[in-house]
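Read off the chains here:
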Amino acid sequence: MARATTKTLVKIGEKKETVVALIDHGSEIHLNMSTEFYKQGRWPINTNHGWKIRAATKATEDLYGACPNVKVTIGDV
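Model, not experiment: these values are computed from the prediction. In this convention, every chain numbers its residues from 1, walking through the sequence in written order. This being a predicted model, a pLDDT of at least 70 is required before a residue's local features are given, and a value of 80 or more before pairs of side-chain atoms are given or counted; all residues contribute to the totals for chains, interfaces and linings. Note: side-chain values were computed over all heavy atoms of the structure, leaving out hydrogens and water.

Examining the overall build of the protein chain
Right, so step 1: Of the regular secondary structure elements, the protein chain holds one helix and five strands.
Right, so step 2: For the protein chain, the sequential pattern of α-helices and β-strands runs β-β-α-β-β-β.
Right, so step 3: The buried label goes to any residue with under 20% of its type's maximum accessible area, the exposed label to any with over 50%, and the partly exposed label to all in between, with areas taken from a 1.4 Å probe on protein chains only. Out of the 77 residues in the protein chain, the part that is buried amounts to 14%.
Right, so step 4: Any two residues whose heavy atoms approach within 4.5 Å are treated as being in contact. Long-range contacts, defined as pairs at least 24 residues apart, comprise 27% of the intrachain contacts of the protein chain with a sequence gap of at least 6.
Right, so step 5: Per-residue and other accessible areas were derived by the Shrake-Rupley procedure at a 1.4 Å probe size, with only the shown protein chains allowed to occlude residues. Just so you have it, the protein chain exposes about 6500 Å², and 51% of that area is on carbon and sulfur atoms. Numbering of helices and strands starts at the N terminus; helices are DSSP runs of H or I of at least 4 residues and strands are runs of E of at least 2.

Right, dumping it as structure tokens:
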């Protein structure tokens, strides 16, 4: 089943700048970020998760890591 996605600006952690994110209206928020952006935030990362990223074209890629419990601000929420 396909889900609608919404493109929005979000703030991650205590960083001042915003990044563009695709929200899939599921129970989690998934953000792709560059290694440089991740290193600036120094969030905890789990690299033993077994997840993959799947595109709309059904192509898949390995996900390097997942950062659980990162404060994300969308608008005033």
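Description of the environment of Val 70
Right, so step 1: Structurally, Val 70 is set in the loop between strand 4 (60-62) and strand 5 (72-74).
Right, so step 2: Separated by 58 residues in the primary sequence, Val 70 and Ile 12 place their C-alpha atoms 7.1 Å from one another.
Right, so step 3: Apart from the residues lying within four places of it in its own chain, the contact partners of Val 70 are Ile 12, Gly 13 and Trp 43.

Section: the environment of Ala 21
Right, so step 1: Along the polypeptide, Ala 21 turns up in strand 2 (residues 18-23).
Right, so step 2: Separated by 13 residues in the primary sequence, Ala 21 and Thr 8 have C-alpha atoms spaced 5.5 Å apart.
Right, so step 3: Discounting chain neighbours no more than four positions away, the residues touching Ala 21 are Thr 6, Lys 7, Thr 8, Val 10 and Leu 31.

A look at the nonpolar core
Right, so step 1: Remark: nonpolar core denotes a set of buried residues (Ala, Val, Leu, Ile, Met, Phe, Trp, Tyr, Cys) joined through side-chain atoms within 4.5 Å. Val 10, Ile 12, Ala 21, Phe 37 and Trp 43 form the largest nonpolar core, which has five residues in total.
Right, so step 2: Setting aside residues up to four positions removed in sequence, Val 10 forms contacts with Glu 17, Thr 18, Val 19, Ala 21, Leu 31, Val 72, Thr 73 and Ile 74.

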